[in-house]
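Below are the chains, spelled out letter by letter.
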Amino acid sequence: MFIWGGMTPMKKTKALIGEAGATFVNAFTVTPLCCPSRSSILTGQYPHNHEVRNNSLSGNCSSIQWQKGPESTAFPVYLNKQKYQTFFAGKYLNQYGKKDEGEVGHVPPGWDQWHALVGNSQYYNYTLSVNGKEEKHADSYEQDYFTDLITNRSLHFLDDRSPQHPFFMMLSPPAPHSPWTAAPQYQKEFSDVKAPRGGSFDKPGKDKHWLLRQPVSPMPKTSLTFLDNAYRKRWQTLLSVDDMVELLVKKLESIKELDNTYIIYTSDNGYHTGQFSLPIDKRQLYEFDIRVPLMVRGPGIKPNQTLQPLVLNIDLAPTILDISGVNLTTLNVDGQSFLSQMAPTLRNGTARPFFLVEYTGEGHEKADPDCPKLGPGLSQCFPDCVCEDAYNNTYACVRTLDKEHDLQYCEFADSESFVEVYNLTSDPHQLENILKSVDPAVLQAMNQRLIKLQSCQGNSCRDVK
């Protein structure tokens, strides 16, 4: 199991959800970036089907095309039909609420209560769409700190709901996303914490895609200082999320709904801090960017379970709808319910042995003015002009994980047609690209599987051999 440290600050969450239910140690996102990953969570579909490719409007993030298509059949629509009272608060999609894309008046279908951030993560000085009306916030901790505001409004929703109907809440705090603004009471916590130095930390990206070959290795001191500071601040921001979980569990207990309620804790992507000398970000195909935490408690789930089966972010929608009583055969989803994995007394089901990871790189047409030597086509070039993304950081992978195999096979859409292959049984940190030493028949089989997955839809995503 990989420990990147993201759950270390979440002591209450681990106790109240993980120890009270199931912890999935092999949970993954099918794309390592916020907007396409959140779109996959909402639809239960791979990016090639919902067509949100990255965080840009041109990448279809919260575009009119998204609103008219996938968003109109996202899982809240089905919950609404089941007479669920639905509540959303937090960051929705990176380009949500922007001019020409519906602005704050656009409330996605299926949500009864809507408190969504306009644009990307902020903790202060942000704008919300509150049920389609603009609400501006300043920088008062008591009134505006966004993580706490989400918590408080969710508690009000639980007080005001009708006990006659079931409810669903989706809380999407910005933490631990940049700008990493912790609550005042937590800004001195973890003062001696540094990013973990093991595994692939500060190793050169040997035999990897060109984007991994460009960072200076070892990293300069300025990069090390920057990433350690980011690591610490990320933990600090998570302490307010930990408080959120505790307050929600207490509220559910006080209204006598805790034993009837499923609580799911997860994230939309992983994150790296110094692995392969990349200071900070996500967007890469490696374990540190595609693995996510996942813990669930609720009816039928025995406490203190550690579960091994592969579970994906595209499985969240079908699982939530399965719990709500929707007939899953009527849905156009690529994922599958994992209710059978955590509550086998309620459902029968089998785990998948492999899945698709896909990402479409973002770049800028002009060179970064702070890093002019690098030329155009790159993005996220910080600190020290290390670029984390590019137009041709565009890839698709098959990730296989079962009792016999722990493998990853990836193809890049670039001028090199670059391929990376890893055996994670012998090389858990993906230090050695074994492309040249793998049996060609195995490579061909993985290539064929990848081709099928890249064009799969619905049932065919679950039936690939």
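Remember, predicted model here, so these are calculated numbers, not experimental data.

A. Looking closely at the overall build of the protein chain. Helix and strand counts for the protein chain come out as 14 helices and 19 strands. Relative to the 2.2 N^0.38 estimate, which gives 23 Å for 465 residues, the radius of gyration of the protein chain is 21 Å and therefore close to what a compact globule would have. Overall, the C-alpha framework of the protein chain stretches about 60 × 50 × 45 Å when taken along its three principal axes. Counting over 465 residues, the protein chain shows a buried share of 59%. Across the protein chain, contacts joining residues at least 24 apart in sequence account for 69% of those joining residues at least 6 apart. Each charge class in the protein chain was averaged separately, 45 positive and 52 negative side chains, and the resulting centres sit 2 Å apart.

B. Region of the structure containing the state of the cysteines. A complete count under the given rule lists five disulfides for this structure. In this model, cysteine 371 is linked to cysteine 385 through a disulfide, with the two sulfur atoms separated by 2.1 Å. Linking cysteine 371 and cysteine 385, the disulfide has an S-S dihedral of approximately -90° and is accordingly described as left-handed. With a gap of 14 residues between them, cysteine 371 in the loop between strand E14 (354-359) and strand E15 (378-381) and cysteine 385 in the loop between E15 and strand E16 (387-390) connect regions that are remote in the sequence. Assessed through its relative accessible area of 5%, cysteine 371 is described here as buried. Exposure remark for cysteine 385: the relative accessible area of 29% places this residue in the partly exposed category. Linked covalently through their sulfurs, cysteine 397 and cysteine 410 form a disulfide whose S-S length is 2.2 Å. One quick way to see it: the torsion about the S-S bond of cysteine 397 and cysteine 410 is about 110°, and its sign makes the bridge right-handed. Taken as a pair, cysteine 397 in strand E17 (residues 395-401) and cysteine 410 in strand E18 (residues 406-412) lie far apart in primary sequence, 13 residues in all. In this pair, the class of cysteine 397 matches that of cysteine 410, namely buried. The structure places no disulfide on cysteine 34, whose sulfur is separated from the nearest cysteine sulfur, that of cysteine 35, by 7.4 Å.

C. Layout of the UniProt feature "domain: Sulfatase N-terminal" (unreviewed entry) in the protein chain. According to UniProt, the positions carrying the feature "domain: Sulfatase N-terminal" (unreviewed entry) are residues 13-326. Helix makes up 32% of residues 13-326 and strand 15%, whereas the separation of the span's terminal C-alpha atoms amounts to 29 Å.

D. Quick peek at unusual backbone geometry. At the junction of serine 178 and proline 179, the peptide bond is cis and its omega measures out at 15° in the coordinates. Following phenylalanine 382, the chain continues into proline 383 via a peptide bond in cis, with omega recorded as -20°. Note on placement: proline 383 falls in the loop between E15 and E16. Unusually for a residue other than glycine, aspartate 100 sits at a positive phi of about 70°. Along the chain, aspartate 100 falls in the loop between strand E3 (85-91) and strand E4 (113-117).

E. Region of interest: the UniProt feature "modified residue: 3-oxoalanine (Cys)" (unreviewed entry) in the protein chain. As annotated by UniProt and renumbered to match this structure, "modified residue: 3-oxoalanine (Cys)" (unreviewed entry) occupies Cys34. Relative to the assigned elements, cysteine 34 resides in helix H2 (residues 34-43). Exposure remark for cysteine 34: the relative accessible area of 1% places this residue in the buried category. Excluding residues within four positions of it along the chain, cysteine 34 makes contact with Asn55, Lys91, Asn94, His177, Asp268, Asn269 and Lys282.

Rules used in this analysis
Residues numbered from 1 in each chain as written. Predicted model: local features only at pLDDT ≥ 70, side-chain atom pairs only at ≥ 80, totals over all residues. Heavy atoms only, no water. Helix = DSSP H or I, 4+ residues; strand = E, 2+ residues; numbered from the N terminus. Rg over C-alpha atoms; globule rule 2.2 N^0.38 Å. Buried < 20%, exposed > 50% of the residue type's maximum accessible area, 1.4 Å probe, protein only. Contact = heavy atoms within 4.5 Å. Lys, Arg positive; Asp, Glu negative; His and termini not counted. Charge placed at Lys NZ, Arg CZ, Asp CG, Glu CD. Disulfide = S-S within 2.5 Å. UniProt positions renumbered as here; feature names shortened; annotations may be inferred.

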